[in-house]
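Fold and contact review
Next come the chains, spelled out residue by residue.
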Amino acid sequence: MDEIDLIIDVRGGDDSDLRAFLSERGVRARPYHGIFNGPIPAEILNHPAPYVWATATGIVLRAAIRAYADCKKQRLTVHRSKTGVKVDATNYSVDELKDLDSLDICKFEKPGADLK
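All of the points below concern the structure found in this document.

This part is about the sheet that holds strand 3 (residues 51-57). With mixed pairing, the 6 strands of this open sheet are ordered in space as 2-3-1-6-4-5. With partners counted over all chains shown, the strands left at the sheet margins are strand 2 (28-32) and strand 5 (86-88), one partner each. Neighbouring strand axes in the sheet, compared pairwise and without regard to direction, differ in orientation by 30 degrees on average. The sheet contact formed by strand 4 (residues 75-79) and strand 6 (residues 105-109) spans 5 bridges and is antiparallel. Residue pairing for strand 6: Thr77 is matched across the bridge by Lys107. Of the strands in this sheet, strand 1 (3-9), strand 3, strand 4 and strand 6 touch helix 3 (residues 58-72), which is tilted by about 130 degrees from strand 3.

To continue, consider the pattern of salt bridges. All told, the structure shown has 7 salt bridges when counted by the stated rule. The partner of Arg11 in a salt bridge is Asp9, and the shortest N-O contact between them spans 2.7 Å. When its relative accessible area of 46% is taken as the criterion, Arg11 is described as partly exposed. By relative accessible area, Asp9 is classed as buried at 7%. With its nearest N and O atoms 3.1 Å apart, the salt bridge here joins Lys86 to Glu109. Residue Lys86 is located in strand 5, and its partner Glu109 is located in strand 6; the two are separated by 23 residues in the primary sequence. Comparing Lys86 with Glu109, the two get one shared label, buried.

Scoring rules and cut-offs
Residues numbered from 1 in each chain as written. Predicted model: local features only at pLDDT ≥ 70, side-chain atom pairs only at ≥ 80, totals over all residues. Heavy atoms only, no water. Pairing = 2+ DSSP bridges. Helix = DSSP H or I, 4+ residues; strand = E, 2+ residues; numbered from the N terminus. Axes fitted to C-alpha atoms, helices over the stretch in contact; angles between N-to-C directions. Contact = heavy atoms within 4.5 Å. Salt bridge = Lys/Arg side-chain N within 4 Å of Asp/Glu carboxyl O. Buried < 20%, exposed > 50% of the residue type's maximum accessible area, 1.4 Å probe, protein only.

This is the structure we're talking about:
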């Protein structure tokens, strides 16, 4: 089965347990500071990573995302890099997750946040 990578924005959110939650469900989740052309500056590494990079097969990743969203009473939104549109992806299928662009940024948010 094909693996999927998702970048999840955790800046300023209540997602301190996200990496552990995903890891417990078979997702390889690691801190991610974004794309750098060269070594990451040490001062950035001294702060929590603003993103979590999650990798798993589509079925595992979809199940983990839905479980986390249900547990936290949040939804997963995707900020589409090419169009600038923000969409609710909590109930995305595996195929829809596979279709995400590598530069699309995901984020868990409370329901009621504006979508474009």
